[in-house]
Amino acid sequence: MHIATDGIVLRERAVDEFDSVLTLLTQERGVISAYARGARKPRSAIRVSAELLSYSHFVLFANRDRYQVDKADLNRLFMGIRGDVVRLSLAAYFCQITSEIAPHEEEAGPYLKLLLNTLYLLDTGKRREDFLKPVYELRLLTMAGYMPDLVACSQCGAYEAQSIYFLPQSSCLLCGDCLEQEKLREPVERLTPGILAAMRHILYSAPEKLFQFSLPEAGLQALEGVIQRYLLLQLDKRFDTLDFYLTMKGHTNG
């Protein structure tokens, strides 16, 4: 059976001199693996369409849960990302965590839209890396079932408080008064009003308004740290692409 679908290449793994196994995020079937015969040949008709971050229209031969690429036509190539090592390493990290937690063999249109919108902003430079990273991480986690409860203090129901804390293991908030009464054995993150507002925006905003907020430099750095620690704690896994991005970012800033 042949199926046609739009998808983006999350990973390209060489299996011999000319063939590849692609990890794709598709709208209709989520994350799938597809064998791309001859994709690495210099004159292959699908070479560019089957590279990392290529968003393409694929014609796949499907046999049970196995797929083979019969044809691929490029929709978009993110050249602004490919030409910058920091952007490319961040995009590779986005692809790795997406491959890890996005639906497999299930409809995943919202995931594909989120990734494409984020890569567009990264590609065009309309949003900075340190803005896009926490937004993508937290929204992706939320969509995949790791949504924290940031509505109010989990004990007293206070929406605002003089001091408020995020519990990344319990995925909830505690105000300062309630925190003093708890004997916690888990990490605690103190949130400023601006960071809490940004996190609530990422969780609860409509897709078309997701990227429409701002924070000062220090606020962005703090937001990035809180959400990165939350992701690593919830997924209980290290990502080599994250380590590489942080290294490249440090070298560039240095």
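By convention here, each chain's residues receive numbers from 1 onward along its written sequence. Only residues with pLDDT of 70 or above have their local features reported here, since the model is predicted, and side-chain atom pairs are shown and tallied only from 80 upward, although totals for entire chains, interfaces and linings are computed over all residues. Neither water nor hydrogens contribute to the side-chain values; these are computed over all heavy atoms in the structure.

**Details of the packing of aromatic side chains**
Here is step 1: Here a Phe, Tyr or Trp ring, Trp counted by its six-membered ring, pairs with any other such ring whose centre lies within 6.5 Å, and the pair is stacked when the planes are under 30 degrees apart, edge-to-face when over 60, and tilted otherwise. All told, the structure shown has 5 aromatic pairs when counted by the stated rule.
Here is step 2: Judged by centre distance (6.2 Å) and plane angle (35°), the rings of Tyr-93 and Phe-94 are tilted. The burial state of Tyr-93 is the same as that of Phe-94; both residues are buried.
Here is step 3: Relative to Tyr-136, the ring of Phe-94 has its centre 4.5 Å away and its plane inclined at 40°; by these criteria the two rings are tilted. Of the two residues, Phe-94 sits in helix H2 (residues 85-101) while Tyr-136 sits in helix H4 (residues 129-143), which places them 42 residues apart along the sequence. As far as the burial class goes, Phe-94 and Tyr-136 line up, both buried. The classification of residues rests on relative accessible area computed with a 1.4 Å probe and restricted to protein chains. Under 20% of the type maximum is buried, over 50% is exposed, and intermediate values are partly exposed. Where helices and strands are cited, they refer to DSSP runs of H or I of at least four residues and of E of at least two residues respectively, numbered from the N terminus.

**Considerations on unusual backbone geometry**
Here is step 1: Of note, Leu-53 is a non-glycine position whose phi angle comes to about 75°, a positive value.
Here is step 2: Its place among the elements puts Leu-53 in the loop between strand E3 (30-36) and strand E4 (55-63).
Here is step 3: A relative accessible area of 0% means that Leu-53 is categorised as buried.
Here is step 4: Unlike most non-glycine residues, Glu-105 shows phi in positive territory, near 60°.
Here is step 5: Residue position: Glu-105 is located in the loop between H2 and helix H3 (109-124).

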